[in-house]
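Topology and contacts: notes
Okay, here's what each chain looks like letter by letter:
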Amino acid sequence: MRTLIHDWTERAACLEVDPELFFPVSTHGPGEEQVMAAKAVCARCPVREQCLAYALDTRQAEGVWGGTDPAQRGVRSRR
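Heads up: these notes are all about the structure in this document. Bear in mind that the values here come from a model prediction, so they are computed numbers and not experimental data.

What counts and what doesn't
Residues numbered from 1 in each chain as written. Predicted model: local features only at pLDDT ≥ 70, side-chain atom pairs only at ≥ 80, totals over all residues. Heavy atoms only, no water. Salt bridge = Lys/Arg side-chain N within 4 Å of Asp/Glu carboxyl O. Helix = DSSP H or I, 4+ residues; strand = E, 2+ residues; numbered from the N terminus. Core = buried A, V, L, I, M, F, W, Y, C linked by side-chain atoms within 4.5 Å. Buried < 20%, exposed > 50% of the residue type's maximum accessible area, 1.4 Å probe, protein only. Phe/Tyr/Trp six-rings, centres within 6.5 Å; stacked < 30°, edge-to-face > 60°.

**Looking at the pattern of salt bridges**
Applying the stated rule across the entire model yields two salt bridges. Ionic pairing is found between Arg44 and Glu16, a salt bridge with its closest N-O pair at 3.4 Å. One end of the pair, Arg44, is in the loop between α2 (30-43) and α3 (48-57); the other, Glu16, is in the loop between α1 (5-9) and α2, and 28 residues separate them in sequence. The salt bridge involving Asp69 is made with Lys39; its shortest N-O contact spans 3.0 Å. Of the two residues, Asp69 is situated in the loop between α3 and α4 (70-78) and Lys39 in helix α2; the sequence distance between them amounts to 30 residues.

Laid out in structure tokens, this is it:
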């Protein structure tokens, strides 16, 4: 059984930045830089795996979660 969201979110690196960073309008063009910046925050996050598991379990269709964008999560969930 996975841990409750509240158990890990308090340690998330994203708490230190504007949440809008993780929800760019697009993952292409100008939004690509925003996605890369969000993924950089995720790269140093101690709960990255829990975040990704949550996104996959709840089928998050938008945003950067656990260092992945929507296209990457789509590929993972189809495996």
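That was the structure; now back to the text.
**Some thoughts on the nonpolar core**
Phe22, Cys45, Val47 and Val64 are the most contacted members of the largest nonpolar core, which has 14 residues in total. Counting residues per element, the ones that place at least two in this core are α2 and α3. Considering each element in turn, this core owes the most residues, four residues, to α2.

**Notes on the packing of aromatic side chains**
With the rule as written, the count across this model stands at three aromatic pairs. Each residue in the set Trp8, Phe23, Tyr54 and Trp65 is aromatic and connected to the rest through ring pairs, giving one cluster.

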